[in-house]
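Coordinate inspection notes
These are the residues of each chain, in order.
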Amino acid sequence: YKTSRGSSGKDSPEATTTILTVPSLEDDIGIDDILSDDDDMDNVVCARGVCVIADDELAPELCYLDPENENFVCEPNTSAAATPSFTLAYLWPRALLLFCSMLYGTNFPLGRMMNEALPASAATSARMLMAALALSPFLLKLDKDLRPLAFLSGSFVALGYITQSIALIDTPGATVAFLGALVVVIPPALSAVIDGKRMGLRDVPQVWLAAILCLVGVGALELGPALSGGGAEASTLGGNNWAGDAWSVLQAVGFGTSFFITEKMMTRNPDQALPITAMQVGVTAFCSAVWAGVVGTGVLASGGDAATATPWLMDATTRASYALPGLFNDLDMRTIALAVVWTGLFTTAANRVGETLALGKVSSAEASVLLATEPLWAALFGNILVHETLSGWDITGGALIVTACCCNAIKPETIRNLVGLDDPNV
């Protein structure tokens with residue numbers, strides 16, 4: 001809409017004319033048109049698609065979305081009180097983020113354990129239902145203008161969780177986690193395609209460096225075992241399960257696309273972090289329930305469910321043991337029930353609350369690096385809980401992908417100065 005003032009210069013009904021322009025069908029209406037154009041936005045801290053309001057007294061830098069070019073700009077927080085290292089005020093938000101990353105890492109081996117005892121659709125549905133119930137109070141606080149985009153991003157979150165669960169049926173958790181870290185290249189690619197952002201080497205050298213490291217890392221994970229011929233380099237992770245690896249990459253596409261949409265919403269509405277998360281988890285729970293219903297009734301054979309003679313929802317015994325609340329009543333399923341509670345209430349719901357609490361008190365770069373350790377924790381807990389082992393190729397490929405996640409947090413001017421890209425002769 002446009003507002004024009006009369007000669008009196010006062011914002012009175014008589015002096016102000018408001019013209020509401022309704023876009024035609026030919027107009028290009030995108031994500032940014034749905035979101036608020038308010039220039040007076042809060043300073044934020046963002047990491048992995050989550051943005052929260054920055055703590056002006058503790059955050060070492062303040063970030064905001066430049067309304068002119070839609071670039072995310074971060075500047076040093078000169079008003080922040082100097083907090084000495086190794087004090088409680090300095091350590092607790094960083095320790096909490098690292099702890100959140102560690103908890104995220106437990107999802108992968110526990111996902112494998114659940115998929116060995118339950119159909120993947122049943123395990124995912126139970127987990128996400130518990131997470132959705134835990135976060136449901138925040139859903140009531142979601143801004144109605146954000147609901148369509150929150151639902152859309154939730155659909156991609158559902159894609160990420162469902163494909164992750166399918167991958168974990170026969171793919172080691174560390175492999176799924178390492179390939180899932182490819183999420184780092186998805187939002188920049190979408191920014192170039194959808195927003196038309198400049199993605200040249202001079203513009204975003206950190207993205208190019210991350211993409212190259214990811215490509216080499218995936219090559220090490222996929223081709224390394226074949227090149228070495230197995231033998232001493234063989235591991236439980238293996239490099240021949242192409243279907244599982246493809247599901248793992250599709251997981252990254254789902255989560256990466258959700259990060260792209262979510263960050264657009266949260267940079268303008270950082271106080272909506274938890275309500276948006278509640279909507280995303282709710283949509284995921286709904287999609288998982290539909291998946292479980294379709295597979296469990298035999299309409300679609302997926303996730304290993306076809307191995308049984310009767311679909312699990314059509315058999316009274318398996319239905320009573322696999323579905324909630326019967327899962328908690330079966331003594332033989334006690335360990336699996338605890339895994340469902342852990343991954344639903346703690347590593348999905350409570351973890352996001354903790355992440356949101358700590359994020360506003362550190363820089364975006366620090367948060368990104370701390371959360372990038374998730375695949376390393378997945379590999380560690382995979383070894384402890386399900387006895388997965390890593391070969392030299394697995395370690396090399398995983399290290400390269402994790403390094404790519406960390407490099408993506410480097411400021412572009414740092415890399416330009418380091419390699420001389422600012423030199424007009426280069």
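Residues numbered from 1 in each chain as written. Predicted model: local features only at pLDDT ≥ 70, side-chain atom pairs only at ≥ 80, totals over all residues. Heavy atoms only, no water.

A few words now on the overall build of the chain. Regarding its fold elements, the chain presents 16 helices and six strands. For the chain, with 426 residues in total, the buried portion stands at 47%. The long-range fraction of contacts in the chain, counting pairs at least 24 apart against all pairs at least 6 apart in sequence, stands at 77%. For the chain, the computed accessible surface area is about 20,500 Å², with 63% contributed by carbon and sulfur atoms. (Helix = DSSP H or I, 4+ residues; strand = E, 2+ residues; numbered from the N terminus. Buried < 20%, exposed > 50% of the residue type's maximum accessible area, 1.4 Å probe, protein only. Contact = heavy atoms within 4.5 Å. Areas by Shrake-Rupley, 256 points an atom, 1.4 Å probe, with all protein chains shown as cover.)

The next thing to look at is the packing of aromatic side chains. Two aromatic rings, taken as a pair, are described by how far apart their centres are and by the angle between their planes. For the structure on display, the rule yields four aromatic pairs. Considering the side-chain rings of W312 and Y322, the 6.0 Å spacing of their centres and the 55 degrees angle between planes classify their relative orientation as tilted. Residue W312 is found in the loop between α9 (273-296) and α10 (316-322), and its partner Y322 is found in helix α10; the two are separated by 10 residues along the sequence. Take W312 and Y322: they sit in the same class, and that class is buried. Lying over the aromatic face of Y90, R94 brings its terminal NZ or CZ to 3.9 Å of the ring centre. (Phe/Tyr/Trp six-rings, centres within 6.5 Å; stacked < 30°, edge-to-face > 60°. Lys NZ or Arg CZ within 6 Å of the ring centre and 35° of its normal.)

Following the criterion strictly, the structure yields seven salt bridges and no others. For K361, the salt bridge identified is with D55, shortest N-O distance 3.9 Å. In this pair, K361 sits in the loop between α12 (334-359) and α13 (364-371) while D55 sits in the loop between β4 (50-53) and β5 (61-65), placing the two residues 306 residues apart along the sequence. Note on K361: relative accessible area 19%, which makes it buried. Two residues, D195 and K264, come together in a salt bridge whose shortest N-O distance is 3.0 Å. Of this pair, D195 sits in the loop between α6 (186-194) and α7 (205-228) while K264 sits in helix α8 (residues 242-268), and the two are 69 residues apart along the sequence. Residue class for D195 comes out partly exposed when judged on its relative accessible area of 30%. (Salt bridge = Lys/Arg side-chain N within 4 Å of Asp/Glu carboxyl O.)

We now examine the nonpolar core. One broad rule of soluble globular proteins: the nonpolar side chains tend to lie buried together. Ranked by internal contacts, the top residues of the largest apolar core, which has 32 residues, are L97, L142, M265, M266, I276, L359 and A367. With 31 residues, the next largest nonpolar core counts L179, C214, F259 and V281 among its residues. (Core = buried A, V, L, I, M, F, W, Y, C linked by side-chain atoms within 4.5 Å.)

What follows concerns the state of the cysteines. If you walk through the whole model with that rule in mind, you get one disulfide. Cysteine C214 remains unbridged, with the sulfur of C405 as its closest cysteine sulfur at 5.9 Å. (Disulfide = S-S within 2.5 Å.)

Here we take up empty space enclosed by the protein. For the structure shown, the criterion picks out one cavity of 30 Å³ or more. As a volume, the largest cavity reaches approximately 80 Å³. Every residue lining the largest cavity is listed: G111, M114, N115, A123, T124, R127, Y161, Q164, S165 and L168. Contributing elements (two or more residues each) for the lining of the largest cavity: α2 (88-117), α3 (120-139) and α4 (147-167). Across the lining of the largest cavity, the residue classes tally to four nonpolar, five polar and one charged. (1 Å grid on protein atoms, 1.4 Å probe; cavity = no way out; pocket = protein on both sides within 12 Å on 5 of 7 lines; lining within 4 Å. Points joined across faces, edges and corners; volume = space filled by probe spheres on them. Nonpolar A, V, L, I, M, F, W, Y, C, P; charged D, E, K, R; others polar.)

The alternating pattern of strand β3 (residues 44-47) places V44 and C46 on one face and V45 and A47 on the opposite face, and all of these are buried. Of the pairings in the sheet, the one linking β3 to β4 comprises four bridges and is antiparallel in character. Among the inter-strand pairings, C46 is bridged to a residue of β4, identified as C51. Linking two consecutive strands that pair antiparallel, namely β3 and β4, is a turn of two residues; a positive phi of about 50 degrees is found at R48 within it. (Pairing = 2+ DSSP bridges.)

The next point concerns unusual backbone geometry. A cis amide bond links L324 to the next residue, P325, at an omega of 5 degrees. Within the secondary structure layout, P325 lies in the loop between α10 and α11 (326-329). Although it is not a glycine, R48 adopts a positive phi angle of roughly 50 degrees. Tracing the sequence through the fold places R48 in the loop between β3 and β4. What makes R48 partly exposed here is its relative accessible area of 28%.

Together, D42, D56, E57, D143, D145 and D271 give the surface a local cluster of negative charge. Counting through the fold element by element, D42 comes out in the loop between α1 (31-34) and β3. (Patch = residues over 30% accessible without salt bridge, like charges linked within 9 Å, V, L, I, M, F, W, Y side chains within 5 Å. Lys, Arg positive; Asp, Glu negative; His and termini not counted. Charge placed at Lys NZ, Arg CZ, Asp CG, Glu CD.)

Our next topic: the environment of I166. Summarising the element assignment, I166 is placed in helix α4. Taking the C-alpha atoms as reference, I166 lies 6.9 Å from W247; in sequence the two are 81 residues apart.

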